[in-house]
Amino acid sequence: MNNKFDIIVIGAGHAGCEAALASARLGCNTLLLTMSADTIGLMSCNPAIGGLAKGQLVREIDALGGQMAMAADAAAIQFRTLNTKKGPAVQSTRAQIDIDAYRSYMKAVLKGQTGLTILEGMAEDFIIENSFIKGVKSTSGNLFHAECVVVTPGTFLNGLIHIGLEHHAGGREGEGSSEGLSRALAGLGLKMGRLKTGTCARLDGRTINFKKMQAQNGDESIRPFSFRTKKISLKQMPCHITYTNKKTHEIIASNLDRSPLFTGIIRGTGVRYCPSIEDKVYRFPDRDRHHIFIEPEGLNTIQYYPNGISTSLPPDVQEKIIHSIEGLEEAKIVYPGYGIEYDYIDPTELYSTLETKSVGGLYLAGQINGTTGYEEAASLGLMAGINAALKMKGRQPVILGRSQAYIGVLIDDLVTKGTNEPYRMFTSRVEYRLLLRENNADTRLADIGNRIGLVSNELLDKTTKKKARIDGEICRLRKNRLDRILKRPGVSYRDVVTGGKESVLTEAEKDVVETEIKYEGFIARQLREIDRFGRIEKINIPGTLDYKDVHGLSAEIKEKLGRMKPVNLGQASRISGVTPAAISILMIYLDKTRKMKKRHGAAV
């Protein structure tokens, strides 16, 4: 067996798939080590990709040369644009996914990727020399050598599954957990914590009375996730909406003593914005009902996902809950929902490249970084795979700024602020969300993807021509003073433009033109803010700086900066407890240091 690689990726979930593909596509001999090749790209929870803010992440992954958007388009059975009644800054796409089609697609892509080897096995320990990673050891005793390792274990790190008051080890129902890898990470001195997530019961669709529910159809005009997708091929399906009721809530309230969440058995912190149904009923006693979205898991399966009733209550209680809901009176449970606890690493242990500060060449991505969600995991996996490959090639890493991408905000939030609960991306976290829209992700990021080596010259050329068409049409409208009309409330691009000119642009391009003109003033203001705040982002902090030498900083701030190791003043300013005064002191110190080096003839 060949046991020497450039890069090893541990885990084949959404983070692992993106990391492995990016690494191999950038010319690195890559090993993907997974517990089971059958579960590559498996959607463990809800059968959907995208959603509020998550749709932006998916489009950015695509613009940088990642795979998730293409896989989602190939497996999508319903598309919906969310927040259509609100402004374009907060609109996002969500797609229901055929989970078997998604897994098959992603597995085929990985197996067909040149330079990528897929092996079944479980990593147990790391090979480390002088604080640099040199490979991993599997539970079977095999040694695999590499200069970079990307760890993407999902919920498998010391995973513990809870169903009622019973619990057993597992990273996903029917699969084992990874205790050895968790011990190995703890042995590196990395700060660790415990988080909790959960999933719903799966229902037999043949036993659901859809006539009692409200049908929820997808968009008639479909906008794929990927800028490379030409058409959506799978049949589109409806979802359905029903609700919990007073009886449902009474059943839950009377059984809280059988909940591992309320009896203290589960100690990990759960997802604030996606709580279990028992948590919702407890926290919101005045609510007389909660939405449940009945979502199909695919075209060729009987299974449906009742989104909104995630729970770790015992199976008999789950059955009573489900049967109390309109349309689910006779519903048969295929398998019950459960809660799961798992270990994660405090993300402040990472640089913005997602490399650990304590071990060179060791990268972490996905839920191990404290995130929740397929899209967040895939974003981190892509960036970890890119930066590991660039490190192998002696190239500069890629760090996206907060004004460049949602991915930049995601990573910056994690590594500067950390998290003590599962982190989920929201549009409200993004300062410049009017600039970082779904519909312009390609024109924002394709050139970066091209410079990295993941976006072809041909695709970049198409994106450049698209931007030229958009800019040209905006100039034409301004020249003819049609932009003034378009800025009026209720007036659309299609109302303003007549004749042959309209056919020059695609529907997506028309939307970009309309947004750029209607929100011109707001966009200009955000650009000025970026310019103003961007000045301190450009002031880099040497990695060798000893903050003890910076007079005027408090001992607490020196300790925080020394531990967090920010790469520039902007990042330093976002660390909790670092004051504006401290940033001013640090700016003066760095300026003096640069001037001294210049005087002594040193390179700045």
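Everything numeric here is computed off the predicted structure, so don't read it as measured data.

What counts, and where the lines are drawn
- Residues numbered from 1 in each chain as written.
- Predicted model: local features only at pLDDT ≥ 70, side-chain atom pairs only at ≥ 80, totals over all residues.
- Heavy atoms only, no water.
- Helix = DSSP H or I, 4+ residues; strand = E, 2+ residues; numbered from the N terminus.
- Rg over C-alpha atoms; globule rule 2.2 N^0.38 Å.
- Buried < 20%, exposed > 50% of the residue type's maximum accessible area, 1.4 Å probe, protein only.
- Contact = heavy atoms within 4.5 Å.
- Areas by Shrake-Rupley, 256 points an atom, 1.4 Å probe, with all protein chains shown as cover.
- Pairing = 2+ DSSP bridges.
- Axes fitted to C-alpha atoms, helices over the stretch in contact; angles between N-to-C directions.
- Phe/Tyr/Trp six-rings, centres within 6.5 Å; stacked < 30°, edge-to-face > 60°.
- Expected span 1.5 Å × (residues − 1).
- Core = buried A, V, L, I, M, F, W, Y, C linked by side-chain atoms within 4.5 Å.
- Salt bridge = Lys/Arg side-chain N within 4 Å of Asp/Glu carboxyl O.
- Parallel < 35°, antiparallel > 145°, perpendicular 65-115°, else oblique.
- Left-handed = near helix turned anticlockwise from the far one by under 90°.
- Nonpolar A, V, L, I, M, F, W, Y, C, P; charged D, E, K, R; others polar.

A. Fine view of the overall build of the chain. On a plain count of helices and strands, the chain comes out with 19 helices and 21 strands. At 25 Å, the chain has a C-alpha radius of gyration in line with the 25 Å of a compact globule built from 604 residues. Viewed in the frame of its principal axes, the chain has a C-alpha envelope of about 80 × 70 × 50 Å. Residues classed as buried in the chain amount to 54% of the 604 residues present. Across the chain, contacts joining residues at least 24 apart in sequence account for 73% of those joining residues at least 6 apart. As presented, the chain carries roughly 26,200 Å² of accessible surface, and 50% of it is formed by carbon and sulfur atoms.

B. Inspection of the sheet that holds strand E4 (residues 76-82) at higher detail. In spatial order, the strands read E3-E5-E4; together these 3 strands make up an open sheet with antiparallel pairing. Each having just a single partner strand, strand E3 (48-50) and E4 make up the two edges of the open sheet. In this sheet, adjacent strand axes meet at a mean angle of 20° when their direction is disregarded. Lying over the sheet, helix H3 (residues 68-75) contacts E3, E4 and strand E5 (92-97), oriented at roughly 115° with respect to E4.

C. Seen up close, the packing of aromatic side chains. Going through the model one piece at a time under the given rule, you end up with 4 aromatic pairs. Measuring from ring centre to ring centre gives 5.8 Å for Phe79 and Phe225, while their planes differ by 50°; the resulting arrangement is tilted. Here Phe79 is found in strand E4, whereas its partner Phe225 is found in the loop between strand E15 (214-216) and strand E16 (239-243), with 146 residues between them in sequence. Taking relative accessible area as the criterion, Phe79 reaches 2% and is therefore assigned buried. Judged by relative accessible area, Phe225 falls into the buried class, the value being 0%. With a centroid separation of 5.0 Å and an interplanar angle of 65°, the aromatic rings of Phe262 and Tyr282 are classed as edge-to-face. In this pair, Phe262 is assigned in the loop between helix H6 (246-253) and helix H7 (277-283) and Tyr282 in helix H7, connecting sequence segments 20 residues apart. For Phe262, a relative accessible area of 27% translates into the label partly exposed.

D. Region of interest: helix H1 (residues 14-25). The first and last C-alpha atoms of H1 sit 17 Å apart over 12 residues, in line with the 16 Å expected at 1.5 Å per residue. Among the 12 residues in H1, 11 count as buried, and that is most of the element. Among the residues making up H1, those that are buried are His14, Ala15, Gly16, Cys17, Glu18, Ala19, Ala20, Leu21, Ala22, Ser23 and Ala24. In the stretch just after H1, Gly27 is the one whose phi turns positive, near 90°.

E. How the structure looks around the nonpolar core. Counting residues in hydrophobic clusters, the biggest one holds 103 residues, and the most contacted among them are Ile49, Tyr102 and Phe126. Here this core takes 11 residues from helix H9 (residues 374-392), the largest share from any one element. Core analysis: the second largest hydrophobic core is formed by 22 residues, Ile77, Ala201, Met213 and Val317 among them.

F. Layout of the environment of Val497. With respect to the secondary-structure elements, Val497 resides in the loop between helix H14 (493-496) and helix H15 (507-518). Once the C-alpha coordinates of Val497 and Leu486 are considered, the two residues, 11 residues apart in sequence, prove to be 9.5 Å apart.

G. Inspection of the pairing of strand E13 (residues 192-199) at higher detail. A large share of E13 lies buried, amounting to 6 of its 8 residues. As judged from the 8 bridges shared by E13 and strand E20 (residues 338-345), these two strands associate in the antiparallel manner. Across the sheet, the residue bridging to Thr197 is Ile340, located in E20.

H. Structural context of the sheet that holds E15. The sheet built from 6 strands is open, its strands ordered E15-E16-E17-E18-E14-E19 with antiparallel pairing. Among the strands making up the open sheet, the edge pair consists of E15 and strand E19 (333-335). Neighbour-to-neighbour, the strand axes of the sheet open up by a mean angle of 35°, direction not taken into account.

I. Main features of unusual backbone geometry. Phi is positive for Ser131, which is not a glycine, with a value near 65°. Even without glycine at this site, Leu354 takes up a positive phi of about 75°. Positionally, Leu354 belongs in the loop between E20 and strand E21 (362-364).

J. View of the pattern of salt bridges. Counted under the stated rule, the structure contains 43 salt bridges. Asp38 is paired through a salt bridge with Lys107; the nearest N and O atoms lie 3.2 Å apart. With Asp38 in the loop between strand E2 (30-34) and E3 and Lys107 in helix H4 (residues 99-111), this residue pair connects regions lying 69 residues apart in the sequence. Taking the shortest distance from any N to any O, the salt bridge between Glu376 and Lys54 comes out at 2.8 Å. Here Glu376, found in helix H9, pairs with Lys54, found in helix H2 (residues 54-63); they are 322 residues apart in sequence, far enough to count as distant. Under the relative-accessibility criterion, Lys54 is labelled buried at 8%. Salt bridges sharing partners connect three or more residues here, namely Arg402, Asp412, Asp413, Lys417, Glu431, Glu537 and Arg574.

K. Inspection of H9 at higher detail. A rise of 1.5 Å per residue sets the reference length of H9, with its 19 residues, at 27 Å; its end C-alpha atoms lie 27 Å apart and thus fit the reference within 8%. Burial analysis of H9 places 17 of its 19 residues in the buried class, which makes it a mostly covered element. Gly394 occupies a position one or two residues after H9 and carries a positive phi of about 70°.

L. Up close: the packing of H6 against helix H8 (residues 315-323). It is the contact of H6 with H8, at a shortest axis distance of 8 Å, that shows an interaxial angle of 165°. Looking at the two axes, H6 sits roughly antiparallel to H8. Two packed elements cross with a definite hand, and for H6 against H8 that hand is right-handed. Contact residues: Thr248, Ile251 and Ile252 in H6; Val317, Lys320 and Ile321 in H8. Within the contact of H6 with H8, the residues separate by chemical class into 4 nonpolar, 1 polar and 1 charged.

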